[in-house]
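# Inside the fold
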Amino acid sequence: MTTLPSIPTELEELRDDPMLRGKGTFRIALLIPLCGAAGLWAPSCISSAQVAVEELNRTQGIDGRKVQLIMIDAAMEASISIEETVNDLIETNSIDAIVGMHISAIRQRLSKVVRQRIPYIYTPLYEGGERTEGLFAIGETPEEQLGPSIEHIQNEYRPRSWALIGNDYVWPRTSHNYAKAKLQEMSVGLAYEKYLPFGLTSMTRFVEEISNSGAEAVLISLVGQDAVAFNRAFGKAKLHDRMVRLSCAIEENGLLGCGAKNSKRLFAASSYFGTLPTEANQAFKEKYYRVHGDQAPVLNALGQSTYEGVHFLAGLMEGHAKVWRDHSVSDALPVIHRSGRKQSSSNKSERAPIYLARADGLQFEVIKEL
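A quick note: this is a predicted structure, and the numbers were derived from the prediction, not measured.

Once that is clear, we can look at the pairing of strand β1 (residues 25–32). Along β1, eight of the eight residues are buried, which leaves the element largely enclosed by surrounding structure. Judged by which residues are buried, β1 turns out to be covered on both faces: Thr25, Arg27, Ala29 and Leu31 on one side and Phe26, Ile28, Leu30 and Ile32 on the other are all buried. Looking at chain direction, β1 and strand β2 (residues 66–73) are connected through eight bridges and run parallel. Looking at β2, one finds that leucine 31 is bridged to isoleucine 72. The parallel pair β1 and β2, bridged by helix α2 (residues 42–57), forms a crossover whose chirality is right-handed.

The next point concerns the side chain of serine 221. Inspection of the secondary structure puts serine 221 in strand β8 (residues 217–221). Judged by its relative accessible area of 3%, serine 221 is buried. Here the side chain of serine 221 touches histidine 176 through a polar contact of 2.9 Å, side chain to side chain. Setting aside residues up to four positions removed in sequence, serine 221 forms contacts with Ile165, Gly166, Asn167, Trp171, Pro172 and His176.

Attention now goes to unusual backbone geometry. Its identity is not glycine, yet aspartate 63 carries a phi of approximately 60°, on the positive side. Looking at the element boundaries, aspartate 63 is found in the loop between α2 and β2.

Here the focus is the packing of helix α5 (residues 142–157) against helix α6 (residues 170–185). The geometry of α5 relative to α6 is characterised by a closest axis approach of 10 Å and an angle of 40° between their N-to-C directions. In terms of their interaxial angle, α5 and α6 are classed as oblique. The hand of the α5/α6 crossing is right-handed. The segment α5 lies against α6, with Pro142, Glu143, Leu146, Gly147, Ile150 and Glu151 engaging Ser175, Tyr178, Ala179, Lys182 and Leu183. Of the residues assigned to the contact of α5 with α6, the class counts are six nonpolar, two polar and three charged.

This brings us to the pattern of salt bridges. Any two side chains of opposite charge can pair if their charged atoms end up close together. Counted by the stated rule, this structure contains 20 salt bridges. For arginine 341, the salt bridge identified is with glutamate 140, shortest N-O distance 3.4 Å. Residue arginine 341 is located in the loop between α11 (301–320) and β11 (355–360), and its partner glutamate 140 is located in the loop between β5 (135–137) and α5; the two are separated by 201 residues in the primary sequence. With relative accessibility at 9%, the residue arginine 341 sits in the buried group.

Moving on, we come to the sheet that holds strand β12 (residues 363–369). Spatially, β7-β6-β8-β9-β10-β11-β12 is the arrangement adopted by the seven strands of the open sheet, whose pairing is mixed. Across the chains shown, the open sheet's two edge strands, defined by having one partner strand only, are β7 (189–196) and β12. The average undirected angle you get between the axes of adjacent strands in this sheet is 25°. In this structure, β8 lies alongside strand β9 (residues 244–247), joined through four bridges in parallel fashion. If you follow isoleucine 220 over to β9, its bridge partner there is serine 247. Packed on one face of the sheet, α5 meets β6 (161–167), β8, β9, β10 (266–270), β11 and β12 and runs near 170° to β9. Packing of helix α7 (residues 204–213) onto the sheet brings it into contact with β6, β7 and β8, and relative to β7 it is tilted by some 170°.

Glancing now at empty space enclosed by the protein. Here the structure, examined in full by the defined rule, presents eight cavities of 30 Å³ or more. Of the volumes computed, that of the largest cavity is approximately 110 Å³. Around the largest cavity, the lining is made up of 13 residues, and of these Trp41, Ile103, Pro124, Leu125 and Tyr169 lie nearest the centre. Its residues assigned to classes, the lining of the largest cavity comprises 11 nonpolar, two polar and no charged. Computed from the structure, the second largest cavity encloses a volume of approximately 100 Å³. Among the elements that line the lining of the second largest cavity, the one with the most residues is α11, at five residues. Classifying every residue of the lining of the second largest cavity by side-chain character gives six nonpolar, five polar and three charged.

Between α2 and helix α10 (residues 279–292), whose axes approach to 10 Å, the crossing angle comes to 95°. With respect to α10, the element α2 is oriented roughly perpendicular. Counting all contacts with α2, which are made through Ser44, Ser47, Ser48, Gln50, Val51, Glu54 and Glu55, the residues of α10 involved are Phe284, Lys287, Tyr288, Arg290, Val291 and His292. Residues of the contact of α2 with α10, tallied by class, amount to four nonpolar, five polar and four charged.

Tallied over the entire structure, the rule returns 10 aromatic pairs. Taken together through their ring pairs, the aromatic side chains of Tyr272, Phe284, Tyr288, Tyr289 and Tyr307 make up a single cluster. Lying across the ring of tyrosine 122, arginine 107 places its NZ or CZ 4.8 Å from the centre. Over the face of the ring belonging to tyrosine 195 we find arginine 173, whose NZ or CZ atom lies 4.0 Å from the ring centre.

Cut-off values and rules
Within every chain, residues take consecutive numbers counted from 1 along the sequence as written. A pLDDT threshold of at least 70 governs which residues receive local features in this predicted model, and a stricter bar of 80 or more applies before side-chain atom pairs are shown or counted, although totals over entire chains, interfaces and linings include all residues. Each side-chain value is derived from all of the structure's non-hydrogen atoms; neither hydrogens nor water enter the calculation. Note on exposure labels: buried denotes an accessible area under 20% of the residue type's maximum, exposed denotes more than 50%, and partly exposed covers the range between, all computed with a 1.4 Å probe on protein chains only. Counting from the N terminus, the helices are the DSSP runs of H or I reaching at least four residues and the strands are the DSSP runs of E reaching at least two. Pairs of strands are assigned from DSSP output, requiring at least two bridges between the strands. A clockwise path from the first strand over the helix to the second, with the strands pointing away from the viewer, defines a right-handed crossover. We call two N or O atoms a polar contact when they sit within 3.5 Å, provided that within protein one can donate a hydrogen and the other can accept it, with sequence-adjacent residues counted only if both atoms are side-chain atoms. Residue contacts follow a heavy-atom distance rule, with two residues in contact if any of their heavy atoms lie within 4.5 Å. All axes here are fitted lines through C-alpha atoms, helices being fitted over the stretch that makes contact, and every angle between N-to-C directions spans 0 to 180 degrees. When an angle is under 35 degrees it counts as roughly parallel; over 145 it counts as roughly antiparallel; between 65 and 115 it counts as roughly perpendicular; any other value is oblique. Should the near helix be turned anticlockwise from the far one by less than a right angle, the crossing is left-handed, and should it be turned clockwise, the crossing is right-handed. Charged means Asp, Glu, Lys or Arg here, nonpolar means Ala, Val, Leu, Ile, Met, Phe, Trp, Tyr, Cys or Pro, and polar covers whatever is left, Gly included. Any carboxyl oxygen of Asp or Glu that lies within 4 Å of a side-chain nitrogen of Lys or Arg is treated as forming a salt bridge with it. A cavity here means a set of points on a 1 Å grid, drawn over the protein atoms and nothing else, where a 1.4 Å probe fits but cannot get out; a pocket is an open set with protein on both sides within 12 Å along at least five of seven lines, and a residue lines either one if it has an atom within 4 Å of a point. Grid points are joined across faces, edges and corners, and a volume is the space filled by probe spheres set on the points. Stacked, edge-to-face and tilted are the three classes for Phe, Tyr and Trp ring pairs, Trp counted by its six-membered ring, which pair at centre distances within 6.5 Å; planes under 30 degrees apart are stacked, over 60 edge-to-face, the rest tilted. Two conditions define a charge sitting above a ring: the NZ of Lys or the CZ of Arg must be within 6 Å of the ring centre, and it must be within 35 degrees of the ring normal.

What follows is the structure, encoded as structure tokens:
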């Protein structure tokens, strides 16, 4: 069982000792889910961010200061109030920036709290449409990720109708609205649609409903452990014999949790996979395993996003320290930064390509650039 990497500074220590808040280091609040449905992402996210910090600290850090990570639990199920915690840390000058790898519902709450006081880099795939100044969403959107992958599945397998299932918050609902428009455009039917609360222990009922719906393809927008539970129930029912599955959020940790026998005919669309055969990923993997060793948490899209997010922050502060407050993802600045997804570029319009992968045992085989 994978354990969490060591946490550089405990949040309680930072609060209790004002001396720790000095200006000798550049402190990044790394907001990731440490518990709940999305908690299985944490080891990969922490480990990947630590690689970026190690790289930066071998040179000039950020703003000429050594970089330090402050871990904060950003799970929906967390016992702390994320808004109060972040506001307190900003008010006491305890953090200099945020790198957030959490669900969009948390981002929407925090965007009202941060208010351009410090840079906020939001790293995972998301629903798009973020326009808050001082907040930079660097992940892919449904238009980039979901549209081409649905087209490929439709052209390859010709399902007559789809089922849509996701957690009940903004990203799945927005993604499914996009998917429904896409299906209508292709004259394909919608057989089922459902949104679930986080943390359901049994998915049997919903798998049975999908089985009875007549759908021949399923779009899964469940998060973390919820996706694992669904795919286990799906595999137990052997629905893969007559349905194909697609997800934009299932990654390598989730695949391990599902198990090989429950992942047949399961496809994922993403701008990053651990098996991606690119020069950028090869360089990232070499650094990752050099820092953490061969038994490190698995590489995946969400983990890579924290690595890229820390480097994006460094590039933002190096090139745009005086103007970042007046910009957002909608008028993106040309930030040069390292990434495991793509080679560094100053072209702000150059987005990382999207790939379609098929579950092959306990890893994803990249089959196509979309």
